[in-house]
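Geometric and topological summary
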Amino acid sequence: MALCVYNTLTRSKDPFAPLDPGHVRMYVCGPTVYDRAHIGNARPVVVFDTLYRLLKRLYPRVTYARNITDVDDKINARAQESGRSIRDITEETAAWYHDDMAALNALPPDVEPRATEHIAEMIALIAVLIEKGHAYAAEGHVLFSVSSMADYGALSRRSRDEMIAGARVEVAPYKKDPGDFVLWKPSTPDLPGWDSPWGRGRPGWHIECSAMSGKYLGISFDIHGGGQDLVFPHHENEIAQSTCAHGAGTFARYWMHNGYLMVDGEKMSKSLGNFFTVHDLLAKAPGEAIRLTLLSTHYHQPLNWTDDGLAQAKQTLDRFYAALARVEDVPPGAAAEPHLAPVLAALEDDLNTPAAIAAMHDIVTRLNKAEAADEQAALKSALLQAGELTGLLASAPEDWRRGAGVPTSGLSDAEIDGMIAARAAARASRNFAEADRLRRILADAGILLEDGAGGTGWRRG
RNA sequence: GGCCGGAUGGCAGAGUGGUUAUGCAGAGGACUGCAAAUCCUCGUACGUCGGUUCAAUUCCGGCUCCGGCCUCCA
């Protein structure tokens, strides 16, 4: 089975055929660094990280670029409110971002360009657009001329008339056309700015992605990803900038967009204020459980974030890790491919992670039943490889069972072991009342016991 | 107003023109001192009204409801 992806450009699930099968290139819009990432920001990161992992398995070389937007009016506003320097804020926020995404087992991208380090490339790109008649300077601004591009609106499938009819913003007087968008804008002395042919100023939001993707991936590359809310205007404008500068048919060939993250049936966003930060969630749930929650719904669908969903993901991982713990001493073996195939097939079918997880459940059930060592070895290997593809099961089973990743309070491991020993003694003398009393105390502390052939194990529930 | 999505069993959530999703919860059983974990068995779901078809949850159309975009946003 070959990889298929839903392409927003064609609105259909298309077979994926990279420009260069020896080198797949993908660009995903990264964060604007002015605040903690919320769980909605994490969804595209986890989704495209999973795609990245799949691509790396299917192709010899993958270059994944994800930008950091460190020049933006929201950052400027944050700096003014707090009295801190812009640099301070962007550095701190970028570091938080890296920590939080790493906790979700998201691999770092191969390239992570920062907007402020690519101003020269943006200025050069803007100059080309002016030269080719797709942009014009006016009152210190440079604007992209939407009317200069015949098929502007192709990605979001809206006509220029529709956009104008729906526009709720006041049209700046220097715009020739209400749909024209800013490539460069003037900065006052107190705002960050760079010298340019159009005076001291700063770039518009869209130009950085065109400039940086072109620099690191080439003027044509395979996949461009991001959240659905970026389709218009951000991605539409990226297409306009890049194809007008470099020629029709250039730029990204497959556009992939993840659905929104909802809370209580409403879109979660910073502007609505109904968001959970990844950082806060990590204090009460392991990163893998958060990641699995995000992968439990197909990436194209909206995902309603609930505590119950998170708890279920944790429970699922408990089951997976318990299976791995049972075969801890079995070295992963060969012949895993047939067992892994359904997982791979699900992922290759437009990244169908819920189906892939179902296939992992099937592997786990068969692993739990397997008695022959070679069968256990093959299934264990298949499960671990599925974990690598989905970015799950990266912990040691014992660490997971003992509560790895979540700050714990209460009983220490030594205290727990002591009580288990006391309970074992009580059971040996058939004093079950005492044994049950001890088990009850542990249960109240969140420690669940499991009596097995080889003794009593425990886990944090 | 314009343009998009979605509606699946108690819950979450895939998928399919006629055959089991999967998980959780629930019921029964095996195992256990009792539990837990594990394994086995079970409920026979696809918003509504029409149409196409031998056959539709699955294709087409109307309707209802929900959500989103059109402005910064992952």
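Residues numbered from 1 in each chain as written. Chains lettered and ligands numbered in written order. Predicted model: local features only at pLDDT ≥ 70, side-chain atom pairs only at ≥ 80, totals over all residues. Heavy atoms only, no water.

**Considerations on the overall build of chain A**
Looking only at helices and strands, chain A features 16 helices and 15 strands. Based on the C-alpha atoms only, the size of chain A along its principal axes is roughly 90 × 50 × 35 Å. Considering chain A as a whole, with its 461 residues, one finds that 51% of them fall into the buried category. Of the contacts made within chain A by residues no fewer than 6 positions apart, 76% connect residues no fewer than 24 positions apart. By element, 52% of the accessible surface of chain A is carried by carbon and sulfur atoms, the whole surface being about 20000 Å². If you average the places of the 47 positive and of the 60 negative side-chain charges in chain A, the two averages end up 2 Å apart. (Helix = DSSP H or I, 4+ residues; strand = E, 2+ residues; numbered from the N terminus. Buried < 20%, exposed > 50% of the residue type's maximum accessible area, 1.4 Å probe, protein only. Contact = heavy atoms within 4.5 Å. Areas by Shrake-Rupley, 256 points an atom, 1.4 Å probe, with all protein chains shown as cover. Lys, Arg positive; Asp, Glu negative; His and termini not counted. Charge placed at Lys NZ, Arg CZ, Asp CG, Glu CD.)

**Let's talk about the protein's contact with RNA strand B**
Near RNA strand B you find 53 residues, and of these Lys74, Trp205, Gly227, Leu230 and Met268 are the closest. Counting only the atoms of RNA strand B that lie within 4 Å of the protein, the sugar and phosphate share comes to 62%. The contact in question runs from a sugar or linking oxygen of RNA strand B to an N or O atom on the side chain of asparagine 368, over 3.1 Å. A distance of 3.1 Å separates a base nitrogen of RNA strand B from a polar backbone atom of aspartate 451. The element contributing the most residues to the surface near RNA strand B is helix H12 (residues 353-369), with seven residues. Classifying every residue of the surface near RNA strand B by side-chain character gives 15 nonpolar, 22 polar and 16 charged. (Near = heavy atom within 4 Å. Polar contact = N/O pair within 3.5 Å; in protein donor to acceptor, adjacent residues only side chain to side chain. Nonpolar A, V, L, I, M, F, W, Y, C, P; charged D, E, K, R; others polar.)

**A word on helix H4 (residues 119-131)**
Its 13 residues place the ends of H4 18 Å apart at the C-alpha level, agreeing with the 18 Å of an ideal helix rising 1.5 Å per residue. The complete set of buried residues in H4 reads Ile119, Met122, Ile123, Leu125, Ile126 and Leu129. In an axial view of H4, the angular spread of the buried residues amounts to 165°, which keeps them on one side of the axis. Residues of H4 that are exposed and point more than 90 degrees away from the buried face comprise Ala120 and Glu131. Lining the buried residues of H4 we find strand E5 (135-138), strand E6 (141-144), strand E7 (181-186), strand E8 (201-203), helix H6 (207-217) and helix H7 (231-246). After H4 finishes, the residue glycine 133 shows a positive phi value of roughly 80°. (Expected span 1.5 Å × (residues − 1). Arc of directions from axis to C-beta.)

**Let's talk about the layout of surface pockets**
Considered as a void within the structure, the second largest pocket measures approximately 280 Å³ in volume. Counting residues per element, the ones that place at least two in the lining of the second largest pocket are helix H10 (307-326), helix H14 (397-401) and strand E15 (455-460). Among the elements that make up the lining of the second largest pocket, the one with the highest residue count is E15 (four residues). Along the lines of polarity and charge, the residues of the lining of the second largest pocket split into three nonpolar, four polar and five charged. Composition of the lining of the second largest pocket by domain shows at least three residues from each of domain 2 (284-401) and domain 3 (413-460). (1 Å grid on protein atoms, 1.4 Å probe; cavity = no way out; pocket = protein on both sides within 12 Å on 5 of 7 lines; lining within 4 Å. Points joined across faces, edges and corners; volume = space filled by probe spheres on them. Domains from an automatic or database assignment.)

**Concerning the domain arrangement of chain A**
Domain annotation of chain A identifies domain 1 (18-263), domain 2 (284-401) and domain 3 (413-460). Its C-alpha centre places domain 2 at a distance of 29 Å from the equivalent point of domain 3.

**Quick notes on the environment of serine 242**
By the element assignment, serine 242 lies in helix H7. Classification of serine 242 as buried rests on a relative accessible area of 1%. For the pair serine 242 and glutamate 375, spaced 133 residues apart in sequence, the C-alpha to C-alpha distance is 53 Å.

**Brief notes about the sheet that holds strand E11 (residues 261-263)**
A sheet is described by the order of its strands in space; here three strands give the open sequence E12-E11-E13, paired in mixed fashion. Strands with a single pairing partner mark the edges of an open sheet, and in this sheet they are strand E12 (266-267) and strand E13 (303-305). Sheet topology note: the E11/E13 ladder contains three bridges and is parallel. Looking at the pairing, methionine 262 lines up with asparagine 304 of E13. (Pairing = 2+ DSSP bridges.)

**A few points about the packing of H6 against H7**
Between H6 and H7, the shortest axis-to-axis distance is 8 Å and the interhelical angle comes to 55°. When the interaxial angle is binned, H6 and H7 end up oblique. Seen from above, H6 lies across H7 with right-handed handedness. Across the interface between the two elements, Ile207, Cys209 and Ser210 from H6 touch His234, Glu238, Gln241 and Ser242 from H7. The residue inventory of the contact of H6 with H7, partitioned by class, reads two nonpolar, four polar and one charged. (Axes fitted to C-alpha atoms, helices over the stretch in contact; angles between N-to-C directions. Parallel < 35°, antiparallel > 145°, perpendicular 65-115°, else oblique. Left-handed = near helix turned anticlockwise from the far one by under 90°.)

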